[in-house]
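Each chain is listed here by its residues.
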Amino acid sequence: MTAPAHNRHDETAATGRRVINLALQGGGAHGAFTWGVLDRLLEDDKIGIEAISGTSAGAINAAVLAQGHLKGGAAGARAELDRFWLRISEIGLISPIHRGWLERAVGSWNIDESPSAIWVNQLTQLVSPYQLNPLNLSPLRDLLASMLDWTSLTGEDAIKLFIAATNVRTGKVRIFDRHELNLDALLASACLPQMFQAVVIEGEAYWDGGYMGNPSLWPLIYHSASRDIVLVQINPLTRDGVPHTAAEITNRLNEITFNASLMSEMRAIAFVARLIAADGKHPEVARLKHMLIHMIEAEAAMEALGVASKMNTDLDFLLYLKELGRRTAGRWLEQNFAALNRYSSIDVREVFL
């Protein structure tokens, strides 16, 4: 993992402003948590964003943020994210997956045991999207096509974007940077194979990027000046106890699968950090880039949500997640702003290894 050493003058002393990179995980409707985190970060004029690596819902959040930022800076990005998620809630009204009377009565957001969620899960195990949706209709495609201006997003004035998708044939991750990013690439990053037909780009079929990069960190290491990566974690890393019900097993498998690639990249980052600490003056080691890692997460709250809630786009649920993200990011800024551009605010080995 060699990369050019960080030569950019640290802005902290001159302006107090911290320039960071964002790494946004995917997680369906749980991406509304990231919406809240981004809303709070954008509210702080001492935070600047150089680049974003995103997967699935994280990729869509990244593109919508970048589009809004081009229109009207941080305020424009916040407004565009609001518009996107409100439209998602409207589109979701046709979905069979909603909180039922029982979940509402007990105040639970977990709908894994609701009849509609069980029915949809069984249906997707028996019938493919090629059979369920032979015309490949996609309200999400229509929404994104109406919101995003690809000519602007791929220009030099835009925030750098790195979007991950998984090649169906090779099983390898492909990163679409802002020069090759388009609507199909964004949809490919969010293409769950049980729900959507594979997205074909240049003759190759792609599925959700979360299988091989959730999100991919290496583009931020090689193609940005800032050393800071702020990971917005959606999928819990740890969960106490052994799952017993079918829903619990599916949920934990989903979390492990979509964290696996991130674990591998964090292992490499920790290894490089050890090399630099041990012999930072060696010519070969001096070429390595010492990354500063931070993480915004609400693991306890996200643990309470089942996998089925990733398909729940009810407005009350999305707004709950947004507010959770805002509160979490606010606390994180209070506790860790001073670390930005200076040192990692988490112990990578302890958290990920």
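All of these numbers come straight from a predicted model, not from anything done at the bench.

### Concerning the confidence of the model for the chain
No. 1: Confidence along the chain averages 91 in pLDDT terms, with 95% of residues attaining 70 or more.
No. 2: Segment residues 2–13 is flagged for pLDDT under 50; beyond a separation of four residues in sequence, or across chains, it makes 26 contacts in the model.

### Brief notes about empty space enclosed by the protein
No. 1: Inspection of every chain in the model, using the stated rule, returns one cavity of 30 Å³ or more.
No. 2: By volume, the largest cavity amounts to about 50 Å³.
No. 3: As for the largest cavity, its lining consists of His30, Ile234, Asn235, Pro236, Asn251, Glu255, Met302, Leu305 and Lys310.
No. 4: Class assignment for the residues of the lining of the largest cavity results in four nonpolar, three polar and two charged.

### Re the side chain of Arg227
No. 1: Locating Arg227 in the fold gives a position in the loop between α10 (218–222) and β7 (228–232).
No. 2: Buried within the structure, Arg227 lacks any salt-bridge partner; Asp228 is the closest side chain of opposite charge, at an N-O distance of 5.8 Å.
No. 3: One polar contact links the side chain of Arg227 to the main-chain carbonyl oxygen of His290, over a distance of 3.4 Å.

### So, the packing of helix α3 (residues 57–91) against helix α14 (residues 315–336)
No. 1: Contact pair α3 / α14: the axes reach a minimum separation of 9 Å and the direction vectors enclose 150°. One way to sum up the angle between α3 and α14 is to call them roughly antiparallel. Here the hand of the crossing between α3 and α14 comes out right-handed. Counted together, Arg78, Asp82, Trp85, Leu86, Ile88 and Ser89 of α3 and Leu315, Leu318, Lys322 and Arg326 of α14 form the full contact between these two elements.
No. 2: The residue makeup of the contact of α3 with α14, split by class, is five nonpolar, one polar and four charged.

### With respect to the pairing of strand β4 (residues 173–177)
No. 1: Relative to β4, strand β3 (residues 160–167) is paired through five bridges, and the arrangement is antiparallel. Bridging across to β4, Ile163 finds its partner in Phe176.
No. 2: If you look at the hairpin formed by β3 and β4, you'll find five residues sitting between the two strands, and Gly171 has a positive phi there, around 75°.

### Here we look at the environment of Val242
No. 1: Inspection of the secondary structure assignment puts Val242 in the loop between β7 and α11 (246–279).
No. 2: Taking the C-alpha atoms as reference points, Val242 and Ala75, separated by 167 residues in sequence, lie 44 Å from one another.

### Concerning the pattern of salt bridges
No. 1: Summed over the entire model, instances satisfying the criterion amount to 21 salt bridges.
No. 2: For Glu90, the salt bridge goes to Arg87, with nearest N and O atoms at 2.8 Å. Taken together, the positions of Glu90 and Arg87, both in helix α3 and three residues apart, correspond to about one turn of that helix.
No. 3: On the basis of relative accessible area, Glu90 is assigned to the partly exposed category, the value being 45%.
No. 4: Residue class for Arg87 comes out partly exposed when judged on its relative accessible area of 33%.
No. 5: In this structure, Glu255 engages Arg252 in a salt bridge whose closest nitrogen and oxygen atoms are separated by 2.7 Å. Here Glu255 pairs with Arg252, and both are found in helix α11, just three residues apart, close to one helical turn.

### Notes on a nonpolar patch on the surface
No. 1: A cluster of nonpolar side chains, namely Leu86, Leu315 and Leu319, defines an oily patch on the protein surface of about 230 Å² accessible area.
No. 2: The topology assignment puts Leu86 in helix α3.

Thresholds, definitions, all that
Residues numbered from 1 in each chain as written. Predicted model: local features only at pLDDT ≥ 70, side-chain atom pairs only at ≥ 80, totals over all residues. Heavy atoms only, no water. pLDDT = per-residue confidence, 0-100. Contact = heavy atoms within 4.5 Å. 1 Å grid on protein atoms, 1.4 Å probe; cavity = no way out; pocket = protein on both sides within 12 Å on 5 of 7 lines; lining within 4 Å. Points joined across faces, edges and corners; volume = space filled by probe spheres on them. Nonpolar A, V, L, I, M, F, W, Y, C, P; charged D, E, K, R; others polar. Helix = DSSP H or I, 4+ residues; strand = E, 2+ residues; numbered from the N terminus. Buried < 20%, exposed > 50% of the residue type's maximum accessible area, 1.4 Å probe, protein only. Lys, Arg positive; Asp, Glu negative; His and termini not counted. Salt bridge = Lys/Arg side-chain N within 4 Å of Asp/Glu carboxyl O. Polar contact = N/O pair within 3.5 Å; in protein donor to acceptor, adjacent residues only side chain to side chain. Axes fitted to C-alpha atoms, helices over the stretch in contact; angles between N-to-C directions. Parallel < 35°, antiparallel > 145°, perpendicular 65-115°, else oblique. Left-handed = near helix turned anticlockwise from the far one by under 90°. Pairing = 2+ DSSP bridges. Patch = residues over 30% accessible without salt bridge, like charges linked within 9 Å, V, L, I, M, F, W, Y side chains within 5 Å. Areas by Shrake-Rupley, 256 points an atom, 1.4 Å probe, with all protein chains shown as cover.

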